[in-house]
Amino acid sequence: MTTAGRLVIGVGNEYRCDDGVGPRVLAELVRRLPGVRLCVTDGEPGRMLDLWTGAALAVVVDAVRDPGRPPGSWFEVAVGGSAELAAGGTHAAGLGTAVALGRELDRLPQRLVVLAVCGQDFGFGTGLSGPVDAAVRPVADRVHELVTGRG
Amino acid sequence: MTHRPDRLLDVRGLARVEGEGAMYVRVRGDRVEDVRLEIYEPPRFFEAFLRGRRHTEPPDITARICGICPVAYQMSACAAIEDACGVTVAGPIGELRRLLYCGEWIESHTLHIYLLHAPDFLGYPGAIELARDRRDVVERGLALKKTGNDLVELLGGRAIHPVNVRVGGFYRAPAPAELAPMRERLRHALDRALATVEWVAGFDFPDFTHDHELLALTTPGRYAIEAGTVATTGGLRFPVQAFEDHVIEQQVPHSTALHARLSGHGRYLTGPVARYTLNGPLLSPLARQAAAAAGLGADCRNPYRSVVVRAVETVYAVEEAIRLIDEYEPPARPYIEVPAGAGVGRGATEAPRGTLFHRYELDRDGLVTSARIVPPTSQNQAAIEDDLARFVASRLDLDDDVLTARCEQAIRNYDPCISCATHFLDLSIERS
């Protein structure tokens, strides 16, 4: 299957420990997905809309904070017409705001899948915590499946 | 409910501002007893961990202070380091810096106008709800913002935390042909910027004025952005090297950002309104025309009209970017060598939110031994609190919800970047 019109977006800051899991997963995919657009961004809604507008498939990898799940666990959200992601304030204006804004402006990709990885350390510094680091490979595998049409 | 003897407006998490802050207003009878813009975002230690770093590193390190205005941090850091090393950067490299800065003004101002501030005036809780009703308007804002982002990316290598800036200039200067497509996009952006001025000029502005002393950089012959000397409406004129002689920072218990005042003068305000009031005649003819058509006079003392000033400055930044591209001649080398040496250097530039000051002290090996960063939001805190106190005092007839919303809007007038402003608080322990 062609990978045209498909992109992977890694959201996060590699200098805030587990928040860097999105960029880290993309680094893992550089060699495995040649020709596929891989983008690292901070999640600012305007940039997210610019990246995914017109795409057939956008896979977003982002870190989340969820006390109810163990660090390193991850889950998949297929964002549909009525799906909701938390939209924070401007400082935290990220994926939820981008999706909500994209919906109002009719600028969502045809298919949007979010892979959310639960982090535990969002402090200053580089490097992922052990559980989150262990999730990088399976999350990358799942992105690969989605982009190559096996997911 | 109105006319209660005691009222408390307490917003723990301010929305539509950059960073984490709160607002606290206590009213007793008809008297505003206490007003606090509480900045509780944790300290970020930048000034501390710059110590021991090479003189080439502050532009990249301090860019990380802010994702909205990283160029401002890079430009002020470069200016201060170059000042410490006795190097002056001008000519084509200086013009490229100004062009890069124009991109940041465009994206930052547009973000604030469309996504943060406009919903206040139009009665929407946020940009998403605004987009639901006015898709055309929000699309215009996003397109304008994208032009600014792309200009920063074109010159800086990426839109946030650019990687092409270095002490002395740039790692690589673009060829004129690389800038040509951007010029065409800027022509469209100019139409959008002018439409933005016209749009915001139609907002309903509360009748409110302040008397803050205004502070901005000034540059002979042109609107100050990437360089200048300091001027105030109180008649002060001093070089950036004397900034610390005039600006006194002080800690207040309710903020992790230091407050600032002018020695012998008191609170002051920096930012678009200050720039416009001090440098308005140096705007381009088209920007001045747009300002006049929008109802701005020679100065602007209504903080709610700052949204109009930002729109006018966006027009100017777009026009200025076009001019700089038209006149661009690539420098022979993209940077000037800045040899390491012992010294103290100071630099200031006009960030979108106001004057941003840096000072570095270097040892003989060029390692940073001390650093000081004074961002615009910390300088503006006292003025914001003064606005809040007077605004509330004159509108005690409003119920709490409306008054709280108006107060939040009053804070957003200044586009505060709280993340930029936080500092580490010195801790001293007295033992007996």
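The structure displayed is predicted, hence computed values, not measured ones.

## Focus: the confidence of the model for chain A
Residues and elements named next belong to chain A.
No. 1: Across chain A, the average pLDDT comes to 87, with 88% of residues at or above 70.
No. 2: Ranking the helices and strands of chain A by mean pLDDT puts helix H4 (residues 130–147) first, with 97, and helix H3 (residues 95–104) last, with 89.
No. 3: Confidence drops under a pLDDT of 50 for residues 87–92, and excluding neighbours within four residues, the segment shows 14 contacts in the predicted structure.

## Some remarks on empty space enclosed by the protein
One way to see where empty space is left: roll a probe the size of a water molecule over the atoms.
No. 1: Tallied over the entire structure, the rule returns two cavities of 30 Å³ or more.
No. 2: The volume enclosed by the largest cavity comes to roughly 60 Å³.
No. 3: As for the largest cavity, its lining consists of Thr 270, Gly 271, Pro 272, Val 273, Ser 306, Arg 310, Arg 353, Asn 380, Asn 413 and Tyr 414 of chain B.
No. 4: When residues of the lining of the largest cavity are traced back to their parent elements, those giving at least two are helix H9 (272–279) and helix H11 (306–326) of chain B.
No. 5: Here the lining of the largest cavity is built from residues that sort into three nonpolar, five polar and two charged.
No. 6: In this structure, the second largest cavity occupies an estimated 30 Å³ of space.
No. 7: Of all elements in the fold, only helix H2 (45–52) of chain A together with helix H6 (135–156) of chain B reach the threshold of two or more residues within the lining of the second largest cavity.
No. 8: The biggest single contributor to the lining of the second largest cavity is H6 of chain B, with four residues.

## Some thoughts on the packing of helix H12 (residues 376–393) of chain B against helix H13 (residues 400–412) of chain B
Residue and element names in this part refer to chain B.
No. 1: The geometry of H12 relative to H13 is characterised by a closest axis approach of 10 Å and an angle of 150° between their N-to-C directions. Considered as vectors, H12 and H13 are oriented roughly antiparallel to each other. The handedness of the crossing between H12 and H13 is right-handed. Between H12, through Ile 384, Leu 388, Phe 391 and Val 392, and H13, the contact on the second element is made entirely by Leu 403, Arg 406, Cys 407, Ala 410 and Ile 411.
No. 2: Of the residues assigned to the contact of H12 with H13, the class counts are eight nonpolar, no polar and one charged.

## Comments concerning the nonpolar core
No. 1: With 135 residues, the main nonpolar core has Trp 52 and Val 60 of chain A together with Leu 99, Trp 199 and Tyr 360 of chain B as its most contacted residues.
No. 2: Top contributing element to this core by residue count: helix H4 (residues 91–122) of chain B, with 15 residues.
No. 3: Excluding its chain neighbours within four sequence positions, the residues that come into contact with Trp 199 of chain B are Ile 113, Tyr 114, Ala 118, Leu 122, Leu 130, Val 137 and Arg 140 of chain B.
No. 4: The next biggest cluster of nonpolar side chains, apart from the first, holds 23 residues, and it includes Val 21, Leu 57, Phe 122 and Ala 135 of chain A.

## Considerations on the packing of aromatic side chains
Any pair of aromatic rings gets described here by the distance separating the centres and the angle formed by the planes.
No. 1: A complete count under the given rule lists 11 aromatic pairs over all chains for this structure.
No. 2: Ring centres of Phe 46 of chain B and Phe 49 of chain B lie 4.8 Å apart, and the angle between their planes is 50°; on these two criteria the pair is classed as tilted. Of the two residues, Phe 46 of chain B and Phe 49 of chain B both sit in helix H1 (residues 46–49), three residues apart, roughly one turn of that helix.
No. 3: Take Phe 49 of chain B: its relative accessible area is 39%, and that puts it in the partly exposed class.
No. 4: On the numbers, 5.5 Å between centres and 70° between planes, the contact of Phe 121 of chain B with Phe 205 of chain B is edge-to-face. Separated by 84 residues along the polypeptide, Phe 121 of chain B in helix H4 and Phe 205 of chain B in the loop between helix H7 (176–201) and strand S6 (213–218) bring together distant segments of the chain. Like Phe 205 of chain B, Phe 121 of chain B is buried.
No. 5: Through pairs of rings, three or more aromatic residues link up here, namely Tyr 114, Phe 121, Trp 199, Phe 203 and Phe 205 of chain B.
No. 6: Across from the ring centre of Phe 75 of chain A, 4.0 Å away, lies the NZ or CZ of Arg 69 of chain A, which sits over that ring.

What counts as what
- Residues numbered from 1 in each chain as written.
- Chains lettered and ligands numbered in written order.
- Predicted model: local features only at pLDDT ≥ 70, side-chain atom pairs only at ≥ 80, totals over all residues.
- Heavy atoms only, no water.
- pLDDT = per-residue confidence, 0-100.
- Helix = DSSP H or I, 4+ residues; strand = E, 2+ residues; numbered from the N terminus.
- Contact = heavy atoms within 4.5 Å.
- 1 Å grid on protein atoms, 1.4 Å probe; cavity = no way out; pocket = protein on both sides within 12 Å on 5 of 7 lines; lining within 4 Å.
- Points joined across faces, edges and corners; volume = space filled by probe spheres on them.
- Nonpolar A, V, L, I, M, F, W, Y, C, P; charged D, E, K, R; others polar.
- Axes fitted to C-alpha atoms, helices over the stretch in contact; angles between N-to-C directions.
- Parallel < 35°, antiparallel > 145°, perpendicular 65-115°, else oblique.
- Left-handed = near helix turned anticlockwise from the far one by under 90°.
- Core = buried A, V, L, I, M, F, W, Y, C linked by side-chain atoms within 4.5 Å.
- Buried < 20%, exposed > 50% of the residue type's maximum accessible area, 1.4 Å probe, protein only.
- Phe/Tyr/Trp six-rings, centres within 6.5 Å; stacked < 30°, edge-to-face > 60°.
- Lys NZ or Arg CZ within 6 Å of the ring centre and 35° of its normal.

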